[in-house]
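Analysis of the macromolecular model
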Amino acid sequence: MHDRMANLDQTLVAGIKGYAWLPDLRRKHHDRPVPLRVLGQRAVAVCGPEAVRFFYDESHVERHTALPHPVVATLFGKNAVHTLDGAAHRHRKALFVALLMNDGIDVLAKLVGESFDEAAESWRGRSSVTLFDEAALVIARAVTRWAGIPVTDDELPKLAADLVAMVDGFATPGPRHWRALAARRRRERWLAAKIEGVRSGDVIAPADAAITTIAHYREDGEPLEPRTAAVELINILRPATAVAWFLAFSAHALDRWPQHRRPLRDGDDEFTAAFVHEVRRFYPFAPFLGGRAVEDLTFAGERIPKGALVLLDVYGQNHDNLLFPQPYEFRPERFVDRPIGEFDLIPQGGGDPRTGHRCPGEQITVALLGTLAQRLARLDYYLPPQDLSINLSRIPARPASDVEIVVP
Ligand code: PAM
């Protein structure tokens, strides 16, 4: 049985089952590592804190040969930090850590809060607004301002839509993917010109802004190609804007479990952090992560031949009933007084963000979502009848209606 499954290519099944794909396979294998074939390649799917340790050990797993071209061409960008390993990765990663893991987090959260307040005023009295789209606009406005990128109010909706498209289209063939490719081309060209402008002095930005830091960042004494610099600037704007997914999920949670609204509305920061972690754990966003075995390996008794893909089941781990009892119940309380370890809650990857591949923007995500969730809870709104279902075969998932709200 296992051998037969290991020989069938799973790519189509993965496309159909989405987030449930690896958890289903792992269940059939009694939670043991699963040998399989995907994208025409040998692979082994793993899960659990020990698997996260194993996956993030650079002497086991590398990235630069593992990410499929369609993912790089839409989501991350050519030559992005996500595609590097070893010393090259550490050097480039330090740029992101310096930009994203410091006092600037509070500044960005404040800008996002102000941007939300401004937008919320304009929602009042309209027949309805789409929260997902509005959240993307709110965040894109704030993060471009924060990064030192001049954008007019007229340009903003198209920019926000492009940043969303790059995320929305990374895992699906067809129109969503084409939109993502076009969005990336457009925004790389636009930002490469701005980077050149900063270098020549034609574009004026604050000395400590992300656009300035990236424009003047050097590797081996050389500045980045303008296109690569643009890729990395997008790697700040796009994931920040993608917090719109989590705000749409937060609205879904507040609709289903309205008892959580009060502590958010009251500004209970400890509860807010717990709510944010539970949203990131419970709702489907990153399905799994992939790397490639750098040598013949063994994990939990399973042989992983050199060159095989190693797939870390992120969604599965965030719903593991040993780590998170009653994993399909939305219970923010589980994170009150529970420190987040490097290897358990992994919606944005595991390990140490400063040195490894874990997302360096995780603290920003937590700060932005906390600010936005509190403001949403304070907003006087209601949900008109709509389809709030979340289709687990759509990667990345989001509520079908994108959450229509009416602000009377
Ligand atoms: C962002 O960066 O914009 C935030 C959205 C990130 C979603 C991450 C989804 C998972 C990433 C990659 C999947 C690669 C699978 C590799 C299989 C071989």
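One can find the structure itself at the top, above this paragraph.
Below: a short report on this structure. (Residues numbered from 1 in each chain as written. Predicted model: local features only at pLDDT ≥ 70, side-chain atom pairs only at ≥ 80, totals over all residues. Heavy atoms only, no water.)

**So, the packing of helix α13 (residues 243–256) against helix α17 (residues 362–378)**
Cut-off, in case you're wondering: Angles shown run from 0 to 180 degrees and are taken between the N-to-C directions of axes, each axis being a line fitted to C-alpha atoms and, for helices, limited to the stretch in contact. Think of it this way: any DSSP run of H or I at least four residues long counts as a helix, any run of E at least two long counts as a strand, and we number them from the N terminus. Should an angle fall under 35 degrees it is taken as roughly parallel, and over 145 as roughly antiparallel, whereas 65 to 115 is taken as roughly perpendicular and any remaining angle as oblique. For any pair of crossing helices, the crossing counts as left-handed if the nearer helix is rotated counterclockwise from the farther one by less than a right angle, and right-handed if it is rotated clockwise. We call two residues in contact whenever any of their non-hydrogen atoms come within 4.5 Å of each other. In this count, Pro and Cys sit with the nonpolar residues alongside Ala, Val, Leu, Ile, Met, Phe, Trp and Tyr, while Asp, Glu, Lys and Arg are called charged and the others, Gly among them, polar.
The geometry of α13 relative to α17 is characterised by a closest axis approach of 10 Å and an angle of 40° between their N-to-C directions. Judged by the angle between their axes, α13 and α17 are oblique. Here α13 and α17 pass one another in a crossing that is right-handed. Note on element contacts: α17 touches α13 through T365, L368, L369, L372, A373, L376 and A377, opposite V243, F246, L247, S250, A251 and L254. Here the contact of α13 with α17 is composed, by residue class, of 11 nonpolar, 2 polar and no charged.

**Things to note about a negative patch on the surface**
For clarity, the threshold we go by: Patch definition: residues above 30% relative accessible area lacking any salt bridge, with like charges linked at up to 9 Å and the nonpolar side chains Val, Leu, Ile, Met, Phe, Trp and Tyr linked at up to 5 Å. The method behind every accessible area is Shrake-Rupley, applied with a 1.4 Å probe, and residues are considered shielded solely by the protein chains displayed. We count a salt bridge whenever a side-chain nitrogen from Lys or Arg sits within 4 Å of a carboxyl oxygen from Asp or Glu. Here Asp and Glu are counted as negative and Lys and Arg as positive; His is not counted, and neither are the chain ends. In plain terms, the charge of a residue is placed at NZ if it is Lys, CZ if Arg, CG if Asp and CD if Glu.
There is a patch of like negative charges on the surface, built from D266, D268, D269, E270 and D337. Summarising the element assignment, D337 is placed in the loop between α16 (314–318) and α17.

**Thoughts on the pairing of strand β7 (residues 289–293)**
Rules: Partly exposed residues are those whose accessible area sits between 20% and 50% of the maximum for their type, while under 20% is buried and over 50% is exposed, using a 1.4 Å probe and protein chains only. Two strands make a pair as long as DSSP finds a minimum of two bridges between them.
Judged by how many residues are buried, β7 sits mostly within the fold: 4 of 5 residues are covered. One ladder, built from 2 bridges, connects strand β3 (residues 61–62) with β7; its direction is antiparallel. Bridge pairing links E62 to R292 in β7. In the sheet, β7 pairs with strand β10 (residues 309–312) via 4 bridges, with the strands oriented antiparallel. From the neighbouring strand, G291 faces β10, where its bridge partner is V310.

**Observations concerning the environment of P332**
Mapped onto the fold, P332 is located in the loop between α16 and α17. P332 gets classed as buried once you look at its relative accessible area, which sits at 0%. Counting along the chain gives 51 residues from P332 to R281, while the straight-line C-alpha distance between them is 9.7 Å. When neighbours within four sequence positions are excluded, P332 is seen to be in contact with H260, F271, A274, F275 and E278.

**Structural notes on the nonpolar core**
Note the following rule: Here, nonpolar core refers to any group of buried Ala, Val, Leu, Ile, Met, Phe, Trp, Tyr and Cys residues whose side-chain atoms link them within 4.5 Å.
By size, the foremost hydrophobic cluster in this structure holds 100 residues, and its most contacted members are W123, I236, F275 and I405. Among residues more than four places away in sequence, those in contact with W123 are F116, V129, L131, E134, L379, I405 and V407. Ranked by size, the runner-up nonpolar core spans 18 residues in total, among them V44, A51, V310 and F343.

**Some points on the site of the ligand**
Applicable threshold: One heavy atom suffices: a residue is near a molecule or strand as soon as one of its heavy atoms comes within 4 Å of it. Polar contacts here mean pairs of N or O atoms no more than 3.5 Å apart (in protein, one a potential hydrogen donor and the other a potential acceptor; neighbouring residues in sequence count only if both atoms are side-chain atoms).
The full set close to the ligand counts 13 residues, and V167, F170, R238, P239 and F288 are the nearest of them. Between the ligand and R238 there is a distance of 2.6 Å, counted from an oxygen atom to a side-chain nitrogen or oxygen. Within the complex, the protein chains bury 89% of what would otherwise be the 530 Å² of accessible surface of the ligand. Listing elements by their share of the shell around the ligand, those giving two or more residues are α5 (69–76) and α12 (226–241). Within the shell around the ligand, the residues separate by chemical class into 11 nonpolar, 1 polar and 1 charged.

**Brief notes about the environment of Y283**
When you line up the elements, Y283 lands in the loop between α15 (269–282) and β7. In this structure, the C-alpha to C-alpha distance between Y283 and D296, residues 13 residues apart in sequence, is 35 Å. With sequence-adjacent residues up to four places away left out, Y283 is seen in contact with F249, H252, A253, W257, E278, F330 and I390.

**Comments concerning the packing of aromatic side chains**
Aromatic rings considered in pairs are described by the distance between their centres and by the relative angle of their planes. We count it as follows: Any pair of Phe, Tyr and Trp rings, taking the six-membered ring for Trp, is counted once the centres come within 6.5 Å. Such a pair is stacked with planes under 30 degrees apart, edge-to-face with planes over 60 apart, and tilted for the rest. Criterion for a charge above a ring: Lys NZ or Arg CZ within 6 Å of the ring centre, and within 35 degrees of the ring normal.
Evaluated as defined, the whole model comprises 17 aromatic pairs. With a centroid separation of 5.7 Å and an interplanar angle of 50°, the aromatic rings of W245 and F285 are classed as tilted. In this pair, W245 is assigned in helix α13 and F285 in the loop between α15 and β7, connecting sequence segments 40 residues apart. With 4.9 Å between their ring centres and 80° between their planes, F282 and Y283 make a pair best called edge-to-face. Both residues of the pair, F282 and Y283, count as buried. Through successive ring pairs, a cluster of aromatic residues spans F249, W257, F271, F275, F282, Y283 and F330. It is R53 that lies over the ring of F343; its NZ or CZ is 4.1 Å from the centre. Above the plane of the ring of F132 lies R398, whose end atom (NZ or CZ) is 4.0 Å from the centre.

**Some points on the sheet that holds β3**
Ordered by their spatial adjacency, 5 strands build an open sheet running β1-β2-β10-β7-β3, and the pairing between neighbours is mixed. What marks the edges here is a single partner per strand, and that holds for β1 (34–38) and β3. Packing of helix α3 (residues 21–28) onto the sheet brings it into contact with β1, β2 (41–46) and β10, and relative to β1 it is tilted by some 140°.

**Focus on the environment of G174**
Locating G174 in the fold gives a position in the loop between α9 (156–168) and α10 (175–200). Here G174 falls in the buried class, since its relative accessible area comes to 14%.

**So, α10**
Put simply, the rule is: The span you would expect from a helix comes to 1.5 Å times its residue count less one.
The terminal C-alpha atoms of α10 lie 38 Å apart, and with 26 residues this matches the ideal 38 Å at 1.5 Å per residue to within 8%. The positive-phi residue at the C-terminal boundary of α10 is G201, with phi of around 90°.

**Some remarks on the pattern of salt bridges**
By the definition in use, this model includes 29 salt bridges. Here R394 ties to D168 by a salt bridge, and the two come within 2.8 Å at their closest N and O atoms. Of the two residues, R394 sits in the loop between α17 and β11 (404–405) while D168 sits in helix α9, which places them 226 residues apart along the sequence. Using a relative accessible area of 9% as the deciding quantity, one classes D168 as buried. Here the salt bridges share partners, and the residues they tie into one network are D168, R176, R394, R398 and D402.

**Remarks on a nonpolar patch on the surface**
A surface patch of nonpolar side chains, amounting to about 310 Å² of accessible area, comprises L12, V13 and I16. Locating I16 in the fold gives a position in helix α2 (residues 11–17). Given the relative accessible area of 59%, I16 is considered exposed.

On their own, these measurements won't tell you what the molecule is for.
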